[in-house]
Amino acid sequence: MDYRTMYMDVSLPEKYIAVIKPGQEVKLTNYTLPEDTIVGTITQLSPAIDADTRTFKGTISIDNAGYLLRPGMFVKADIVTQKKDSVIVIPKNIILSRQRGKTVFVVDRSVAVERIVETGLENLTEVEITRGLEKNERVVTGGFETLGQQIKG
């Protein structure tokens, strides 16, 4: 069996029907190959929405020349809808939602100071910071839940 090129059928949420287009890049990973990312391409999209699941069907073509994937394997597929270079990115789970907005703690002269931030693009685990942080600032990533509120910015 030759499986240098594989095809994966996916169900995509209705809200992405205007964003996902044929030809877009898809990054695939498998839990048995966490360090290897395999690149695929969206080849087909159904124009119809399933009334029960509120999803639409798509097909991804996968270049599997290295035979890293096998038929029947489970993979995670990340469809690249937007990308930016040279931006500040932090883990989503360190952002706190306050009445004033989204905040993080930064280290300023050996003291943790809460800072209001604005966010941009995001994925499941990370978020772009568009305002409120500068390059090379130290952000508190652990224990911030117990810090007091003295907002600067």
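Here the structure is a predicted model, which is why all the values come from computation and not from measurement.

## Some thoughts on the environment of Pro-71
(1) Moving on: Its location among the elements puts Pro-71 in the loop between strand S4 (55-63) and strand S5 (76-79).
(2) Moving on: The exposure class of Pro-71 is partly exposed, given its relative accessible area of 43%.
(3) Moving on: Separated by 69 residues in sequence, Pro-71 and Asp-2 place their C-alpha atoms 10 Å apart.

## With respect to the packing of aromatic side chains
(1) Moving on: According to the stated counting rule, one finds one aromatic pair in the structure shown.
(2) Moving on: Ring centres of Tyr-3 and Tyr-67 lie 5.1 Å apart, and the angle between their planes is 85°; this geometry places the pair in the edge-to-face category. Residue Tyr-3 is located in the segment before strand S1 (5-13), and its partner Tyr-67 is located in the loop between S4 and S5; the two are separated by 64 residues in the primary sequence.
(3) Moving on: By relative accessible area, Tyr-3 is classed as buried at 17%.

## So, the nonpolar core
(1) Moving on: Counting residues in each nonpolar core, the largest one holds 14 residues, and the members touching the most others are Met-8, Leu-28, Ile-60 and Ile-62.
(2) Moving on: For this core, the elements supplying multiple residues, two or more each, are S1, strand S2 (25-30), strand S3 (33-45) and S4.
(3) Moving on: By residue number, the principal contributor to this core is S1, which donates four residues.
(4) Moving on: Excluding residues that lie within four positions of it along the chain, Ile-60 makes contacts with Met-6, Tyr-7, Met-8, Val-10, Val-26, Gly-40, Thr-41, Ile-42, Thr-43 and Ala-77.
(5) Moving on: Listed in part, the nine residues of the second largest apolar core include Ile-95, Val-127, Ile-129 and Leu-133.

## Some thoughts on the sheet that holds S2
(1) Moving on: Across the sheet, which stays open at both edges, the five strands sit in the order S1-S4-S3-S2-S5 with antiparallel pairing between neighbours. Two strands in the sheet have a free side with no partner beyond their single neighbour: S1 and S5. Averaged over neighbouring strand pairs, the angle between their axes works out to 35° when direction is ignored.
(2) Moving on: Looking at chain direction, S1 and S4 are connected through nine bridges and run antiparallel. By the bridge assignment, Asp-9 is partnered in S4 with Thr-59.

Reading guide: rules and limits
Residues numbered from 1 in each chain as written. Predicted model: local features only at pLDDT ≥ 70, side-chain atom pairs only at ≥ 80, totals over all residues. Heavy atoms only, no water. Helix = DSSP H or I, 4+ residues; strand = E, 2+ residues; numbered from the N terminus. Buried < 20%, exposed > 50% of the residue type's maximum accessible area, 1.4 Å probe, protein only. Phe/Tyr/Trp six-rings, centres within 6.5 Å; stacked < 30°, edge-to-face > 60°. Core = buried A, V, L, I, M, F, W, Y, C linked by side-chain atoms within 4.5 Å. Contact = heavy atoms within 4.5 Å. Pairing = 2+ DSSP bridges. Axes fitted to C-alpha atoms, helices over the stretch in contact; angles between N-to-C directions.

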